[in-house]
Amino acid sequence: MLLVEDDPLVASTLNFLLTRAGAITTLASSHAEAMASLHEPTTPPELLICDFDLDDALTGPMSSGTCASAWPHDPGDPDLG
């Protein structure tokens, strides 16, 4: 799970709750960090949670759309194709 949140208190609280519920999270405090994390050699996230009002002049939907287009996935997977 990729969590994009620029408020440290909100990010740490959400991370704590999601981790406690069994989720494996990657935190990003900006759109740029989120994009960079998608290109790291790890398993791509299955879910993106994004703050609506990010500090770097992007809204959550704008950031989510850009991340989704860069999201690495298996083109042979019929659920992701």
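Before reading on, note that the structure itself is shown above.
The rules behind these values
Residues numbered from 1 in each chain as written. Predicted model: local features only at pLDDT ≥ 70, side-chain atom pairs only at ≥ 80, totals over all residues. Heavy atoms only, no water. Helix = DSSP H or I, 4+ residues; strand = E, 2+ residues; numbered from the N terminus. Expected span 1.5 Å × (residues − 1). Polar contact = N/O pair within 3.5 Å; in protein donor to acceptor, adjacent residues only side chain to side chain. Pairing = 2+ DSSP bridges. Axes fitted to C-alpha atoms, helices over the stretch in contact; angles between N-to-C directions. Contact = heavy atoms within 4.5 Å. Core = buried A, V, L, I, M, F, W, Y, C linked by side-chain atoms within 4.5 Å. Buried < 20%, exposed > 50% of the residue type's maximum accessible area, 1.4 Å probe, protein only.

Colleague: Sorry, what's going on with helix H1 (residues 8–20) here?
Modeller: Owing to its 3.6 residues per turn, the α-helix aligns residues three or four sequence positions apart on the same side. For H1, spanning 13 residues, the distance from its first C-alpha to its last is 18 Å, which sits close to the expected 18 Å at 1.5 Å a residue. For H1, the capping residue at the N-terminal end is Asp7, with a side-chain oxygen 2.9 Å from the backbone nitrogen of Leu9. The first or second residue beyond H1 is Gly22, which carries a positive phi of 105 degrees.

Colleague: Help me understand the sheet that holds strand E3 (residues 48–50) in this model?
Modeller: Strand order in this open sheet of three strands is E2-E1-E3, and the pairing throughout is parallel. Looking at the sheet topology across the chains shown, the edges are occupied by strand E2 (26–28) and E3. Put simply, the sheet's adjacent strands are angled 15 degrees from each other on average, direction ignored. Where strand E1 (residues 2–4) and E3 come together, three bridges link them in parallel fashion. When the bridges of E3 are listed, Val4 appears paired with Cys50. Running at roughly 160 degrees to E1, H1 makes contact with E1, E2 and E3 of the sheet. Together, E1 and E2 form the strand contacts of helix H2 (residues 31–38), whose direction differs from that of E1 by roughly 165 degrees.

Colleague: Any chance you could explain the nonpolar core here in plain terms?
Modeller: Most often, soluble globular proteins keep nonpolar side chains buried together rather than apart. Within the largest apolar cluster, seven residues are counted, these being Leu2, Val4, Ala28, Ala34, Met35, Leu38 and Leu54. When contributions to this core are tallied by element, the ones reaching two or more residues are E1 and H2. Of the residues forming this core, the biggest block, three residues, is contributed by H2. Not counting residues up to four positions away in its chain, the partners in contact with Val4 are Ala28, Ser30, His31, Ala34, Leu48, Ile49, Cys50, Asp51 and Leu54.

Colleague: For this particular structure, what's the right way to read the environment of Val4?
Modeller: Mapped onto the fold, Val4 is located in strand E1. Residue class for Val4 comes out buried when judged on its relative accessible area of 0%. The spacing of Val4 and Asp51 is 47 residues in sequence and 6.0 Å in space, taken between C-alpha atoms.

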